[in-house]
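Coordinate analysis (summary)
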Amino acid sequence: MTVDYTARKLEVNGIVQGVGFRPFVYNLANHYGLKGEVANTSTGVSIHIEGPPECIRSFETDLAAKCPPLAHVVDISGQSASVKPCADFKIVKSKDRAQMSTLISPDVSICADCLRELFDPADRRYLYPFINCTNCGPRYTIIDDIPYDRPRTSMRHFKMCAACQAEYDDPTNRRFHAQPNACAACGPHVGLYDPRREPVDCEDPIKAAADFISQGRIVAVKGLGGYHLAVDAQNNDAVMRLRHRKMREEKPFAVMSADLERIRQYALVGAEEEALLVSIQRPIVLLKKKTPCAIAAAVAPRNKYWGVMLPYTPLHYLLLNHGFSALVMTSANLTDEPIAIDNQDAFERLAGIADYFLTHNRDIYLRSDDSIVRHTAGQTRYIRRSRGFVPIPLFLERTVPPILACGAELKNTICLTKDDKAFLSQHIGDLENLRTLDFFKLTVEHLQRILEIHPQIIACDMHPDYLSSRYANEQQRIRKVEVQHHHAHIVSCMAEHRLKGAVIGLSFDGTGYGSDGAIWGGEVLIADAGQFERVAHLAYVSMPGGAAAIKEPWRMAIGYLHDAFGDNLQDLELPVLRQIESAKLRIIAEMIRKRVNCPQTSSLGRLFDGVAAIVGIRNRVNFEGQAAMELEMLAADDMDSIYDYEWLMGAGDCIRILPAPIIRGIVKDVRSGLSIAQISIKFHKTLIALFVELCTAVRRERDLKRVVLSGGCFQNCILLNGMIHELASRDFEVFAHQRIPTNDGGIALGQAMVAAAVSCL
Ligand code: ZN
Ligand code: ZN
Ligand code: FE
């Protein structure tokens, strides 16, 4: 043995199992003529490599730079080792569970190699809708238990044919150990059915489904994480019929197009958006509309954006290959219910909605909705983090005990922690009905099993009536930590940025249960992971009728007008007041005066709703946040002036920000005929100026310069961009969400971190 023959031991941590990492290492070692072995460990893979030092160096460079697309390498550590010597390079088989990492890859889109084969008439998988390989296809949604191999996935029912098995067994093949490997001879297949579950007589179910869609029919299509309802996005009547049947009046539908070229015909695609669209996660990306364009207006009424995605399964590609400019692809559910995944369930629940069912016999074990992202304020921001991203963990700044955090009520997700990792679940939905609660419980149980987490602490929202909080209360023999909603928002953003110590937290959203029993949502906190102090908030106003005021923003308008003008509000001559019967108006004013069925709220989301109603945008909403969103969409680009604002020092040194001066200014502008566009931007700029000034005052007093922005209101791009820009220009360090949603979909992470901090005090 010469001196030019050395050995190294490398440890690779991250998601590197079940993603073709060991064959990649095997092929790389052979490429450089190196010897040694690769084996799984509980945290990743371990490599022993021997050979000439310069070859080992090249090997290490490539190891980091060229790893397989589904691998998620966290770090690689290396040290010199003694030469064994080895005769060749081997993949060592895993012998027991201790060598299995619990990190599982998310489901990702079909890769370029498989896509090429799909449309290659010479390939044995030509037009086969379930083509996949180690670099692509389903993972998380087909796994029943760990370790991840075929008998523990929904592929267990399909025995590989000899050709597929040979690929599966060959380390140099792209399908080596690809658990969902299949072909037309041995794998799952599609079928087209009518709502009575009778098969439709046709030669090619996908072509027949495409023909029905072209004729304006609604087809339920089984995808990766659940069913979609598909209609032709250019057919306004079909889209309206879908809205009617789904009981979804105005909430935007997502669309899918075969390629970027088609998308560019109806939307503006910047370089960042293009990268998001083509990424292997294939999220829905919000893109500015091009007008005029051929997409039906009913797809996303009163919205400046389309939600657009590229196909991510072979079946999608085959369906879109029939000449559609775009298909509406919306989660197949009735409004407020979870997306359908099970064939039986789909037929039962969607019979009144879908005209046909394009389905298949590969089961989905865990539903996962499409993720939604946008690029704004220089960053990608998640609106929903689900398919393609879950269950990739967030790596925390420190090790924490095993915790289950139950999330909030709306846009629920749960969070499980283990060591220095936090696993945020896929989108579960609004926990307002039993079906969603069942899905919540299923997700808790499933994630605990596949991640092997046995929680010692359970964290939940302070709200006593949330179904997630009730679930936490029902769990026996486990320590429970209740977390204030807006504190959790701020801490979730801190965890994402690994911030320690106290920060100024702006927690702006629609609804959260406050420590004083009021409904909070326009909160300035000084917070760290363990505690918070409320230093300022929007002054309380009445929500006439309680929850009804969320669905009917005109009630909030009355609440704010009464706050600003007292009992004289009838004389204001505003359109919103004329639209309401005077008797009803009197009753509401009486309710406010006597505080009957009028919870008090400091919510910024409600202020947006109230202003939207006062300027005449709408009195009722069809989905949460609609009025606020439309107020943002209608805003003019810029405006110099802002409204007067004012705050008062309240009890316990807590500042109360008065909405009344702003409301008076808006009423004056409405009556003088200023456009909604002008009023909207003026209102946005007022909030930005107000909160920047407030942060400056807090900094003077407390010597804190880090500001954390969280809560659903920061989905508003004008507010988010304005706050980031103005705070940064005054030398604040500003932190907003990037990898988890700013809405309640990210709150479980904050709950878990608060519980971790409290439990070690
Ligand atoms: Zn592939
Ligand atoms: Zn086969
Ligand atoms: Fe919230």
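Thresholds applied
Residues numbered from 1 in each chain as written. Chains lettered and ligands numbered in written order. Predicted model: local features only at pLDDT ≥ 70, side-chain atom pairs only at ≥ 80, totals over all residues. Heavy atoms only, no water. Donors = N, O, S within 2.8 Å, 3.2 Å for Na, K, Ca; no water. Tetrahedral: all angles 85-135°; square planar, octahedral: opposite > 155°, others 65-115°. Helix = DSSP H or I, 4+ residues; strand = E, 2+ residues; numbered from the N terminus. Buried < 20%, exposed > 50% of the residue type's maximum accessible area, 1.4 Å probe, protein only. Pairing = 2+ DSSP bridges. Axes fitted to C-alpha atoms, helices over the stretch in contact; angles between N-to-C directions. Contact = heavy atoms within 4.5 Å. Phe/Tyr/Trp six-rings, centres within 6.5 Å; stacked < 30°, edge-to-face > 60°. Lys NZ or Arg CZ within 6 Å of the ring centre and 35° of its normal.

1. Description of the coordination of the iron ion (ligand 3)
At 2.0 to 2.2 Å from the iron ion (ligand 3) lie its protein donor atoms, namely His485 (NE2), His489 (NE2), Asp509 (OD) and Asp744 (OD). Note that the iron ion (ligand 3) binds four donor atoms; their angles at the metal cover 85 to 170°, and the shape is irregular. Spacing between the donor residues of the iron ion (ligand 3) along their common chain follows H-x3-H-x19-D-x234-D. Within this pair, whereas Asp509 is found in strand S21 (residues 503-513), its partner Asp744 is found in the loop between strand S29 (733-735) and helix H23 (747-759), the two being separated by 235 residues in sequence.

2. Details of the coordination of the zinc ion (ligand 2)
Protein-derived ligands of the zinc ion (ligand 2) are Cys161 (SG), Cys164 (SG), Cys183 (SG) and Cys186 (SG), with the metal-ligand distances lying across 2.2 to 2.4 Å. The sequence pattern formed by the donor residues of the zinc ion (ligand 2) is C-x2-C-x18-C-x2-C. Remark: Cys186 occurs in the loop between helix H4 (162-169) and strand S6 (190-193) and Cys161 occurs in the loop between helix H3 (112-118) and H4; sequence separation between them is 25 residues. For the pair shown, Cys161 and Cys186 are each scored as buried.

3. Quick look at the sheet that holds strand S9 (residues 254-256)
By way of backbone hydrogen bonds, the strands of a sheet pair with one another, either parallel or antiparallel. The strand order S6-S13-S7-S8-S12-S9-S11-S10-S14-S15 describes an open sheet built from 10 strands, whose pairing is mixed. Each edge of the sheet is formed by a strand with only one pairing partner; in this case those strands are S6 and strand S15 (379-384). Along the sheet, successive strands turn relative to each other by an average axial angle of 35°, direction set aside. Here strand S10 (residues 284-288) pairs with strand S14 (residues 372-376) via two bridges, running parallel. Counted as the bridge partner of Ile284 is Ile372 from S14. Along the sheet, helix H6 (residues 236-246) makes contact with strand S8 (227-232) and strand S12 (327-331), crossing S8 at roughly 145°. On top of the sheet, helix H22 (residues 717-729) reaches S14 and S15; it is set at about 45° to S14, its chief contact.

4. Quick word on the sheet that holds strand S19 (residues 457-461)
The strand order across the open sheet formed by five strands is S16-S18-S17-S19-S20, and the pairing between neighbours is mixed. A strand with exactly one partner marks an edge of an open sheet, and here the two such strands are strand S16 (394-400) and strand S20 (479-483). When the angles between neighbouring strand axes are averaged without regard to direction, this sheet yields 30°. Relative to S20, S19 runs parallel, the two being bridged by five bridges. Counterpart to Ile457 in the pairing with S20 is Arg479. In the packing of H23 onto the sheet, contacts are made with S16, strand S17 (403-405), strand S18 (415-424), S19 and S20, and the angle to S18 comes to roughly 140°.

5. Some words on the packing of aromatic side chains
Enumeration according to the criterion identifies 14 aromatic pairs in this entry. Here Tyr26 and Phe89 contribute two aromatic rings whose centre-to-centre distance is 6.5 Å and whose plane-to-plane angle is 65°, an arrangement assigned as edge-to-face. Residue Tyr26 is found in helix H1 (residues 21-31), and its partner Phe89 is found in strand S5 (residues 89-91); the two are separated by 63 residues along the sequence. An aromatic cluster is present here, built from Tyr193, Phe347 and Phe357 joined pairwise through their rings. Its end group placed over the ring of Tyr305, Arg374 keeps NZ or CZ at 4.9 Å from the ring centre. In this structure, Arg534 packs its charged tip against the face of Trp520, placed 3.7 Å from the ring centre.

6. A look at the pairing of strand S11 (residues 305-309)
For S11, the buried fraction is high: five of the five residues fall into the buried class. Alternating residues of S11 divide into Tyr305, Gly307 and Met309 and Trp306 and Val308, and every residue in both groups is buried. As defined by bridge partners, S9 adjoins S11 across three bridges and the pair is classed as parallel. When the sheet's bridge partners are listed, Ala254 is paired in S11 with Gly307. Across four bridges, S10 lies against S11 in antiparallel orientation. Note that in S11 the partner of Lys288 across the bridge is Tyr305.

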